[in-house]
Every structure is written in structure tokens, then in C-alpha cells.
Amino acid sequence: MNKENLKTGIDIDEIGREMYRLMSELFPICRSITGNGVRKTLHIIKKHIPLMVHDVPTGTQVFDWTIPKEWNIVNAYVKNSKGEKIIDFTKNNLHILNYSVPVKKKISLKELKEHLFTLPEYPDWIPYRTSYYKENWGFCISHNQFIDLREDEYEVFIDSSLEDGCLTYGEYYIKGEKTEEVLISCHTCHPSLCNDNLSGIVLSVFLAKHLSQKSLKYSYRFLFIPGTIGSITWLCLNESNVSKVKHGLVVACIGDAGKFTYKRSRQDRAEIDRTVINVLRNSGTDFEIIDFIPFGYDERQYCSPGFNLPVGCLMRTPHGRYPEYHTSADNLNLVQPEYMAESFSIFLSVFNILENNKKYINQNPKCEPQLGKRGLYQMLGGQKDVKEKEFSMLWVLNLSDGRNTLLDISDKSGLRFDLIKDAAEALLACGLLKEDIGKVAF
Ligand code: ZN
């Protein structure tokens, strides 16, 4: 049986607005690779999808890495000698160097400056900085504020803790007819930053919510994990099941106005690579395809040589290629509901192909069958969609020789997958095609 179109009956603009509302709710939380910010985020996501939350203790060995100490923060500020708070974590959580150790002391301007981070090229913006694996403390401020700082005695207070605890991640599994899986992975470790990566989180939540109401061929697994250490941890704990992953996408930077960017999996021409490229080519929007490179997001781990999973990364403007990246300007203005909605639609088109990609065998391969006597040949002529339907049937009949899938036929003909699938269904219904249920080699 073919699967229902995943886009049927949805109000894409409303979903865009709902995703934006969830993003606004998650924006103020101070997240990191561990700690209460991540737990609070997962707790809010649980109101939308029944997420499983996993806690992996500090010190657990995961391949060449060790789960770090858990970091939590309550408050942090710098006061001048008049007692005025000149830097206040509660006003913007980017002010704290993420993973700062606790501090309470009075220091000179010179010493304070050794712990301040700024962005001279964008003097109004606060940078986002971390120090996960080296114990340190610091504050991030605008460069304009930095150059205005005067000689004084400053009081530095960081009420944080760095102790044995857990790394927390969320996982949501939707069971389909097959045990073979589609993996969707996003990172949950960034504080008040929208495109990187609240956009990936909220898109994953709404995709999961939508798919959970559908009858699916594949099973789907959504991971909400801290970047790098999270995917390493998940791969280590689930090594024996990883072979079930047939297709995967890392979701990041998916809510800005930029064109779509697809980074291929390390396999280069896996079905997921060809599917995403097919969707983007037929989307009418601008896009760019980039080859696999061993840096970026968690695809680095899924595509490490010991796993080499078919996992690509679908973004709009990639990390590092927009000035607001890792700054206070990556906020609720940079990401907009309509861009999120468009991204949601592109992902559903990808899943539609994965769910329906099959191979058929032409039952009348000696010369073209007579379509007219089967009611398949439209006598109207001239109309573009009628012509496309006829061309689709001719392509499907010609290439359904046991070697080509519907995706292959869509690629070779340049016709949209939906048209090719509809043509195959019409031909199947009148007995001109038979489904090839043998193992499909992609
Ligand atoms: Zn980032």
C-alpha cells in the first residue's frame, strides 16, 4: 500500500506560528551540554511529544570521551564600586561564559579584562562563548561596553556549580511498519540562540508530533542531544542497534531567511542524499549542495568511519556563514514563522519520498501499452498538467525494468516525485505494473 501524502490537510502557516511560539517559550532558558536548562527544555517539549529522557552519569566512558561534570547556574554579575550591576546574567544568559566555575571576589579592571569576551567587528552584540573541557570563568559583553569600562574595583559573582551529575538527552521513537529507522537529530546545548539551534529543536518537535499521527512505513527516531558529546554518547549506548538507521538528517540553522543548504552524508549518494536533493530541485526555492566535510554538527559522529551512517545535514544558512551566528543577534528577529513553515514543508516532502519510494516491474514491456483503451490517455491535449501526467506514465513504464526506483525515475525525467508516484499508482491499478517486492538495492 502506498502511504498517504504527509502534507494532506495541514495548515502550514499555522504550524509556522506554533513553532515560533514554542521557540519564544524556550528562548530565555540557559542551556548547556548538561544541567537543569536542558532538563527544563525537555520538560517543555514533553508537553508536545512523549519524550523519553535519559540521564548518563558523569564519568561514564563513551568511546574516547568521558561524560563531563554537570554545570548549573543560578546567578552571575559584575558590580562596580558603587554597587551597580554593570553585567547581569539575568538580563541575558549569553553574558556568562558557558560552564564558568563559581567565583566571588573583588578584582581590578586589568584582571576583569582577562575574563571578558567581545566582538569588535559587531560592537553592539554579545558573543556566545563556552569552556566545557577547560575550567575557567568569564563574561561576554558588547565591545561598546568593554571600551567604556573605567579603572575601578569590581565585584565578580558567579553562583554556579560544576559537580558530578548527568548528561541529559531526549529521545522519541515512533513505530512504523518496519523496524528500519529514519533518524532526526538536533542539538539542545545552546542558551538564548534561535537559529542555532532552537530552530532545529522546534522543527523536530513539530515534525515528530505530525508523524506520530500518521501510518508510516519506517520507524522514526528523534534525538534531542547536546552537540558532539550527545551524539557520541547515543552512538556508544546504542551501537548494537545503529544498523537499523536507513536514513538520517541532522537539523540545524533552519529558521532564517537564507536559502536551503544540504550537506551530503559521507556516503555521498545515499538515498537520503538523493531524496533531499530531489526535493530541493523541485521546490522552486534557491538552494546549495555541499559535500561531506568532517566538521559541522553531529553528522560528524554519525558519519565517522566506524559508523558511516547515511546521515546528511539540512540547514538554511550554515553555521559560521551568517554574521549573527553565536551572538546575541541570533534571536527571535532573525528567525521567522514563515521560514520555519517552509522548512517544515521541505522535511515533509523528504519523508513523503522515503515513505513511498519503491520499484515496479512493467507487465507489458514489449512496445508501449495502449493507454487510451485503459482510460489512461487524456484526449484533452495541451494542458501542462495533462501532458506531465502522460509523460510520467511513459517514464514509469519505460524505466520500471527492475532496476529503477520511483526516485530514480523522478531524477532521470526531471518530473516531480508526486507525479511519478501518481502515475505508478494509476498503472498499477490497471495491471500494467507490478510491485517489485525483491530487495531494493539503492
Ligand atoms: Zn552552535
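### Details of the side chain of Asn362
The topology assignment puts Asn362 in strand S17 (residues 359-362). In terms of polar contacts, Asn362 uses its side chain to reach the backbone amide nitrogen of Asn364, at 2.7 Å. Ignoring any residue separated from it by four or fewer positions in sequence, one finds Asn362 in contact with Leu397, Ser400, Leu432 and Leu433.

### Comments concerning the coordination of the zinc ion
Within the protein, His190 (NE2), Asp196 (OD) and His326 (NE2) serve as the donor atoms for the zinc ion, at 2.0 to 2.1 Å. Ordering the donors of the zinc ion by residue number gives the pattern H-x5-D-x129-H. On the basis of relative accessibility, which here comes to 11%, the residue His190 falls in the buried class.

### Considering the environment of Asp330
Within the secondary structure, Asp330 sits in the loop between strand S16 (311-315) and helix H9 (337-356). For Asp330 and Asn197, which are 133 residues apart along the polypeptide, the C-alpha to C-alpha distance reads 9.4 Å. Excluding anything up to four places from it in sequence, Asp330 contacts Phe27, Ser192, Leu193, Cys194, Asn195, Asp196, Tyr322 and Glu324. Within polar-contact distance, the side chain of Asp330 engages the backbone nitrogen of Asn195 at 2.6 Å.

### Examining the sheet that holds strand S19 (residues 433-435)
Pairing is antiparallel in the open sheet, where three strands are placed in the order S18-S17-S19. Strand pairing shows two members of the sheet lacking a second neighbour, strand S18 (401-405) and S19, which therefore form its edges. Within the sheet, the average angular offset between the axes of one strand and its neighbour, ignoring direction, is 35°. With three bridges joining them, S17 and S19 adopt antiparallel strand pairing. Among the inter-strand pairings, Asn362 is bridged to a residue of S19, identified as Leu433. Across the sheet, helix H11 (residues 406-413) lies against S17 and S18, angled at about 70° from S18, the strand it touches most. Lying on the sheet, helix H12 (residues 417-429) is in contact with S17 and S19; it crosses S19 at an angle near 105°.

### Thoughts on a nonpolar patch on the surface
A cluster of nonpolar side chains, Phe391, Leu394 and Trp395, forms an exposed patch at the surface whose accessible area comes to about 260 Å². With a relative accessible area of 32%, Leu394 lands in the partly exposed category.

### Considerations on the nonpolar core
Formed by 75 residues in total, the largest nonpolar core has its most connected members in Phe222, Phe224 and Phe351. If sequence neighbours within four positions are ignored, Phe224 has contacts with Leu42, Ile45, Ile49, Leu51, Tyr169, Gly170, Cys186, Thr188, Ile201, Ser204 and Val205. Core analysis: the next-biggest nonpolar cluster, separate from the first, contains 59 residues, Ile96, Ile229, Ala252 and Cys253 among them.

### Quick word on helix H10 (residues 384-399)
With 16 residues, H10 should reach 22 Å at 1.5 Å per residue; the first-to-last C-alpha distance of 22 Å fits that figure. Along H10, the residues that are buried comprise Val386, Glu388, Glu390, Ser392, Met393, Val396, Leu397 and Leu399. Buried residues belonging to H10 abut S17, S18, H11, H12 and S19.

### A closer look at the packing of aromatic side chains
All chains considered together, the criterion is met by eleven aromatic pairs. Look at Tyr132 and Tyr133: their rings are 6.1 Å apart centre to centre, the planes differ by 80°, and that puts the pair in the edge-to-face class. Here Tyr132 falls in the buried class, since its relative accessible area comes to 19%. Consider the rings of Tyr220 and Phe351, whose centres lie 5.3 Å apart with planes at 75°: the pair is edge-to-face. Of the two residues, Tyr220 is situated in strand S12 (residues 219-225) and Phe351 in helix H9; the sequence distance between them amounts to 131 residues. The exposure classification of Tyr220 matches that of Phe351, with both residues buried. Taken together, the ring pairs connect Trp65, Trp71, Tyr99, Tyr132 and Tyr133 into an aromatic cluster. Above the face of the Phe146 ring, Lys113 is positioned so that its terminal group lies 5.1 Å from the ring centre.

### Structural notes on the pairing of strand S10 (residues 166-174)
For S10, the tally of buried residues reaches eight of nine residues, placing the bulk of the element in the interior. Pairing geometry for strand S1 (residues 52-57) and S10, over six bridges, is antiparallel. Looking at S10, one finds that Pro57 is bridged to Cys166. One ladder, built from five bridges, connects S10 with S12; its direction is antiparallel. The residue of S12 that forms the bridge with Gly170 is Phe224.

About the cut-offs
- Residues numbered from 1 in each chain as written.
- Predicted model: local features only at pLDDT ≥ 70, side-chain atom pairs only at ≥ 80, totals over all residues.
- Heavy atoms only, no water.
- Helix = DSSP H or I, 4+ residues; strand = E, 2+ residues; numbered from the N terminus.
- Polar contact = N/O pair within 3.5 Å; in protein donor to acceptor, adjacent residues only side chain to side chain.
- Contact = heavy atoms within 4.5 Å.
- Donors = N, O, S within 2.8 Å, 3.2 Å for Na, K, Ca; no water.
- Buried < 20%, exposed > 50% of the residue type's maximum accessible area, 1.4 Å probe, protein only.
- Pairing = 2+ DSSP bridges.
- Axes fitted to C-alpha atoms, helices over the stretch in contact; angles between N-to-C directions.
- Patch = residues over 30% accessible without salt bridge, like charges linked within 9 Å, V, L, I, M, F, W, Y side chains within 5 Å.
- Areas by Shrake-Rupley, 256 points an atom, 1.4 Å probe, with all protein chains shown as cover.
- Salt bridge = Lys/Arg side-chain N within 4 Å of Asp/Glu carboxyl O.
- Core = buried A, V, L, I, M, F, W, Y, C linked by side-chain atoms within 4.5 Å.
- Expected span 1.5 Å × (residues − 1).
- Phe/Tyr/Trp six-rings, centres within 6.5 Å; stacked < 30°, edge-to-face > 60°.
- Lys NZ or Arg CZ within 6 Å of the ring centre and 35° of its normal.

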